[in-house]
Amino acid sequence: MTSTDGRRKWLTVAGELAAALRVDAAERDRRGAEPVAEVEALRRSGLLSVRDWATQQAVGRVVGAADANVGHLLGYHYLQVWRSGLFDNPDFEPGEDLFWAGVSNPLDAALELRPVDGGFEVTGRKTFATGASVADRLVVSATRADTGGKVTFTLDAKADGITYAGDWDNIGQRLTASGGVVFDHVHVPARQVLGEHDENSPRLSLAALGFQLVLAQLYVAMAEGALAEAAHYIRSTTRPWFLSGVDSATSDPYVLGTYGELVAEAQAAGLLADHASERLDRASRRGAELTRDERAETAAAISSAKVVATRVANQTTSRVFELCGARATAAGYAFDRFWRNARTLTLHDPVSYKAREVGAYFLTGEQAPFTGYS
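Within each chain, residue numbers correspond to sequence positions counted from 1 in written order. Only residues with pLDDT of 70 or above have their local features reported here, since the model is predicted, and side-chain atom pairs are shown and tallied only from 80 upward, although totals for entire chains, interfaces and linings are computed over all residues. The basis for the side-chain values is all heavy atoms of the structure; hydrogens and waters are excluded.

As a further point, take the packing of aromatic side chains. Pairing of aromatic rings covers Phe, Tyr and Trp, the last counted by its six-membered ring, and requires centre-to-centre distances within 6.5 Å; plane angles under 30 degrees mean stacked, over 60 mean edge-to-face, and any other angle means tilted. In the structure shown here, the tally under the stated rule is ten aromatic pairs. Ring centres 6.3 Å apart and planes at 35 degrees place the aromatic pair Tyr333 and Phe335 in the tilted group. Here the aromatic rings of Tyr361 and Phe362 are separated by 5.2 Å at their centres, their planes lie at 90 degrees, and the arrangement is edge-to-face. Residue exposure (1.4 Å probe, protein chains only): buried if accessible area is under 20% of the type maximum, exposed if over 50%, otherwise partly exposed. Residue class for Tyr361 comes out partly exposed when judged on its relative accessible area of 21%. The exposure class of Phe362 is exposed, given its relative accessible area of 61%. Joined through ring pairs, the aromatic side chains of Tyr233, Phe321, Tyr333 and Phe335 make up one cluster. For a Lys NZ or an Arg CZ to count as sitting over a ring, it must be within 6 Å of the ring centre and within 35 degrees of the ring normal. Sitting over the face of the ring of Trp10, Lys9 holds its NZ or CZ atom 4.2 Å from the ring centroid.

A few words on the environment of Ser49. Take Ser49: it is sitting in the loop between α3 (36–45) and α4 (53–66). We classify Ser49 as buried; its relative accessible area is 17%. Ser49 sits 47 residues away from Glu96 along the chain, and the two C-alpha atoms are 4.9 Å apart. Contacts are residue-level and defined by heavy atoms, with any inter-residue pair within 4.5 Å sufficient. In this structure Ser49 touches Trp10 and Glu96, once residues within four positions along its chain are discounted. Under the scheme used here, helices are H or I runs from DSSP no shorter than 4 residues and strands are E runs no shorter than 2 residues, and both carry numbers assigned from the N terminus.

Written as structure tokens, this is what we have:
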């Protein structure tokens, strides 16, 4: 099967899953339960096993447009498997149907790793860990107590000593199981250590860019999902304004013009995100030969995509109400979930700093620093 045929197959599978998710997306959002059933649906679909980079990006957008929560979980799953591979550790085996999540918030350096016989022992708490409580495996980063170096390793998500706080109570992304995780003297076998971080390695630093790309792609998906839902409502329910002189909302020139602008902007954001995705894939394939200049160019492309996608997601998920009308604010339609999800996730890290990085790169040649966010 060619890569094109494989992509077509997985996009078909993603479309079928997306159709099923749309049926009760609003009700599941209201319940805000742990996404156990959603992860199981991903497992049954086979999408967890997709390894082709471009296919992952396309599949993530399809699923994310139907349900941003599930798209978030799937995007992070792909990310954890990909970033684990950056260490070139022959012992890492992602498995075909395992769901992976990460515990590595860069600004929450609360996990301490101590050497013990046979490996390490990790203790501490992380405030946020999307998908961890419903995962099969975790990719975890912690600081060594003896050297101060940062180490990344894998763990069974149900290992002794791990507890999940279940304290995610935000207005959006309510089904992402993004609460805290507590580690109480959890044993880390030596064979599960992926490697230590080299702060001067352009390739290992790509992990942070991968996170930014997943977010940018998900922002685009949120805009696409809101537009698709709005289109269905406008065609079936929205009434034309009495001064419009037309018989249907789909004939109103103001509705058509506004909708057209939003669609064009979402398409532009999607193309920019896909361009950034191609750059990151190319950089990753360079391996140890990746240069700082190549890494900087990749970072600028991803930051550009995130700046545009952030604006498009927040604007689109708000303005669809103007197209649908006052009745669309009824709780039963749950149009607000698109805005709540976008508003919550686009605050992951300040987009103004991404804009600054882009401006500095193109005006002065300044390269984005190697951090957990850039």
